[in-house]
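Letter by letter, the chains look like this.
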Amino acid sequence: MVKIEIPDNHPRKVSLETREKIIEGHTRHEVATAGLLAHGRGEAFDYLIGEKTNDIARQAAMVAVAAMLTANHPVISVNGNVCALVPEETVQLSELTGAPLEINLFYYRKEREDAILGALRSAGAKEVLGTHDRPSETIPELKSNRRKVDPDGIGSADVVLVPLEDGDRTEALKAIGKYVITIDLNPMSRTAVYADVTIVDNIVRCMSLMVEYARELKDTPRDELLKMVENFDNEQNLADSMELMRTRLGELSQDIGPLRQKRQSGAEA
Ligand code: PTJ
């Protein structure tokens with residue numbers, strides 16, 4: 001595959017490099033073809049939040065880490081997009097929070113599982129759950145391939161991080177009493193709405209932030225962490241994220257002139 005060189009002064013450099021990562025992940029069979037489309041949807045929402053992490057997302061990410069650190073058995077679910085975009089950060093978060101990694105694919109193919117397993121191992125993962133040679137159990141009322149979970153992983157977890165997820169499984173995980181954390185740029189998605197904590201941010205920024213928070217919070221007294229989790233209101237968090245998008249759109253639509261000037265100076269592409 002021809003690698004595209006993106007000049008340093010290109011205003012959309014980060015976004016284009018991230019695109020390259022997801023395309024390369026697809027070539028290596030980690031990312032499902034539908035994962036490319038899912039990424040495009042994410043990009044559109046990222047544009048609406050200004051392609052940067054805001055305080056609302058920071059707060060949600062901190063609470064998410066607090067929930068993982070206080071869980072009895074936290075687990076991180078890994079799909080193709082997560083693996084292609086943030087393998088090292090995901091492994092680091094797993095180590096810092098004691099949450100095992102479990103491969104769980106919507107579009108299952110053995111070839112994809114192998115590619116993802118290889119990528120996670122190269123990123124430093126020592127143990128990966130959810131592979132075909134491991135025992136599996138079924139999440140009731142879920143028809144998709146995601147119903148198959150590892151009994152030592154999601155099956156027995158109390159807190160599950162499910163980034164870039166489809167709505168059906170989040171709903172099913174909630175129905176069997178799991179505390180669900182997600183990372184989803186679309187605050188209106190079913191996953192975003194059903195989850196206990198939704199971090200409305202791009203996973204390429206958010207996962208490293210969570211690693212930072214895990215390092216900061218790991219010696220914080222448990223009751224303080226529990227208080228953070230208890231006081232968190234995901235409905236308010238989602239409403240605030242949508243309001244931020246609405247305000248930003250309002251500002252941008254008010255005067256196209258300054259926007260054109262910003263674009264000419266490279267501040268907004
Ligand atoms: O690897 P598989 O087979 O398990 O499949 C993974 C995908 C992502 C294809 C599958 O879970 C899927 O179809 O998901 P959805 O229903 O498209 O939902 C993905 C959500 O993630 C959407 O709401 C997107 O807006 C959001 N999203 C996409 N890219 C990012 C993102 N959120 C955060 N960061 C991103 N980079």
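Here the structure is shown first, and the text comes after it.
Right, let's walk through the structure included here. (Residues numbered from 1 in each chain as written. Predicted model: local features only at pLDDT ≥ 70, side-chain atom pairs only at ≥ 80, totals over all residues. Heavy atoms only, no water.)

1. Overview of the overall build of the protein chain
Note the cut-off: Numbering of helices and strands runs from the N terminus; a helix is a DSSP stretch of H or I covering at least four residues, while a strand is a stretch of E covering at least two. The globule rule is 2.2 Å times the number of residues to the power 0.38, and the radius of gyration it is compared with is taken over C-alpha atoms. Remark: exposure states derive from per-residue accessible area (1.4 Å probe, protein chains only) relative to the maximum for the residue type, with buried under 20%, exposed over 50%, and partly exposed in between. Whether two residues are in contact is decided by their heavy atoms: any pair within 4.5 Å suffices. Note on areas: Shrake-Rupley with a 1.4 Å probe; residue coverage comes only from the protein chains shown. In this count, Lys and Arg are taken as positive residues and Asp and Glu as negative ones, while His and the chain termini are left out. Charge coordinates come from a single atom per side chain, which is NZ of Lys, CZ of Arg, CG of Asp or CD of Glu.
When helices and strands are counted, the protein chain shows twelve helices and eight strands. Rg of the C-alpha trace for the protein chain: 19 Å, near the compact-globule value of 18 Å for 269 residues, within the 12% margin. The proportion of buried residues among the 269 residues of the protein chain is 50%. Pairs at least 24 apart in sequence give 64% of the contacts found in the protein chain among residues at least 6 apart. Accessible area of the protein chain: about 13200 Å², with a carbon and sulfur share of 51%. Side-chain charges in the protein chain split into 33 positive and 44 negative, and the spacing between the mean points of these groups amounts to 4 Å.

2. Topic: the packing of aromatic side chains
Here is the rule we go by: Aromatic pairs are defined between Phe, Tyr and Trp rings, using the six-membered ring for Trp, whenever the two ring centres lie within 6.5 Å; interplanar angles under 30 degrees are classed as stacked, those over 60 as edge-to-face, and all others as tilted.
Here the structure, examined in full by the defined rule, presents one aromatic pair. With centroids separated by 4.8 Å and ring planes inclined at 70 degrees, the aromatic side chains of F106 and Y107 adopt a geometry described as edge-to-face. With relative accessibility at 46%, the residue Y107 sits in the partly exposed group.

3. Observations regarding the environment of L85
By secondary structure assignment, the location of L85 is in helix α4 (residues 80-85). Judged by relative accessible area, L85 falls into the buried class, the value being 3%. The sequence separation of L85 and R146 amounts to 61 residues, and the corresponding C-alpha distance is 20 Å. Setting aside residues no more than four positions away along its own chain, L85 makes contact with T18, K21, I22, H39, I203 and V204.

4. A short note on the site of the ligand
What counts here: Whether a residue is near a molecule or strand is decided by its heavy atoms; if any one of them lies within 4 Å of it, the residue is near. In protein, a polar contact requires one atom able to donate a hydrogen and another able to accept it; more generally it is a pair of N or O atoms within 3.5 Å, and residues adjacent in sequence count only if both atoms are side-chain atoms. Classes in brief: Ala, Val, Leu, Ile, Met, Phe, Trp, Tyr, Cys and Pro nonpolar; Asp, Glu, Lys and Arg charged; the others, Gly included, polar.
The ligand sits among 24 residues. The nearest are F106, Y107, R112, R146 and D184. For the ligand, an oxygen atom lies 2.9 Å from a polar atom in the backbone of G80. For the ligand, an oxygen atom lies 2.8 Å from a polar atom in the backbone of Y107. Protein burial of the ligand: of its 740 Å² of free accessible surface, 94% is covered by the chains. Listing elements by their share of the shell around the ligand, those giving two or more residues are α2 (33-48) and α4. When residues in the shell around the ligand are grouped by element, the largest group, six residues, is from α2. A per-class count over the shell around the ligand returns nine nonpolar, eight polar and seven charged.

5. Things to note about the pairing of strand β1 (residues 74-78)
To keep things clear, this is the line we draw: For two strands to be treated as a pair, DSSP must find at least two bridges joining them.
Judged by how many residues are buried, β1 sits mostly within the fold: five of five residues are covered. Covered by surrounding structure in β1 are P74, I76 and V78 together with V75 and S77, the residues of both alternating faces. Note that β1 and strand β6 (residues 159-161) share three bridges and pair parallel. Bridge pairing links V75 to V160 in β6.

6. Side note on the packing of helix α3 (residues 55-70) against helix α9 (residues 203-217)
Note the threshold: Only the stretch in contact is used when a helix axis is fitted, and all axes are lines through C-alpha atoms; the angle between N-to-C directions ranges over 0 to 180 degrees. Angle categories: roughly parallel below 35 degrees, roughly antiparallel above 145, roughly perpendicular from 65 to 115, and oblique for all the rest. Less than a right angle of anticlockwise turn of the near helix away from the far helix marks a crossing as left-handed, whereas a clockwise turn marks it as right-handed.
Two elements in contact, α3 and α9, have axes separated by 9 Å at closest approach and are oriented at 55 degrees. The orientation of α3 with respect to α9, classified from their angle, is oblique. For the pair α3 and α9, the sense of crossing is right-handed. Of the residues in α9, those in contact with R58, A61, M62, A64, V65, A66, M68 and L69 of α3 are L209, M210, Y213, A214, E216 and L217. Here the residues of the contact of α3 with α9 sort into twelve nonpolar, no polar and two charged.

7. Here we look at the pairing of strand β7 (residues 179-183)
The test is simple: Call a crossover right-handed when, viewed with both strands pointing away from you, the route from the first strand across the helix to the second goes clockwise.
Of all five residues making up β7, five are buried, and the element is well covered by its neighbours. Burial along β7 is two-sided: the residues Y179, I181 and I183 and V180 and T182 are all buried. The sheet contact formed by β6 and β7 spans three bridges and is parallel. The residue of β7 that forms the bridge with L161 is I181. Assessed by its sense of winding, the connection that carries the chain from β6 through helix α7 (residues 167-175) to β7 is right-handed. Sheet analysis places β7 next to strand β8 (residues 197-199), joined by three bridges and oriented parallel. Across the sheet, the residue bridging to T182 is T198, located in β8.

8. Here we look at the pattern of salt bridges
Definition in use: Criterion for a salt bridge: a side-chain nitrogen of Lys or Arg within 4 Å of a carboxyl oxygen of Asp or Glu.
Inspection of every chain in the model, using the stated rule, returns 20 salt bridges. Ionic pairing is found between E111 and R109, a salt bridge with its closest N-O pair at 2.2 Å. On the basis of relative accessible area, E111 is assigned to the partly exposed category, the value being 37%. Across the salt bridge formed by K110 and D114, the nearest N and O atoms sit 2.8 Å from each other. Of the two residues, K110 and D114 both sit in helix α6 (residues 110-122), four residues apart, roughly one turn of that helix. When its relative accessible area of 38% is taken as the criterion, K110 is described as partly exposed.

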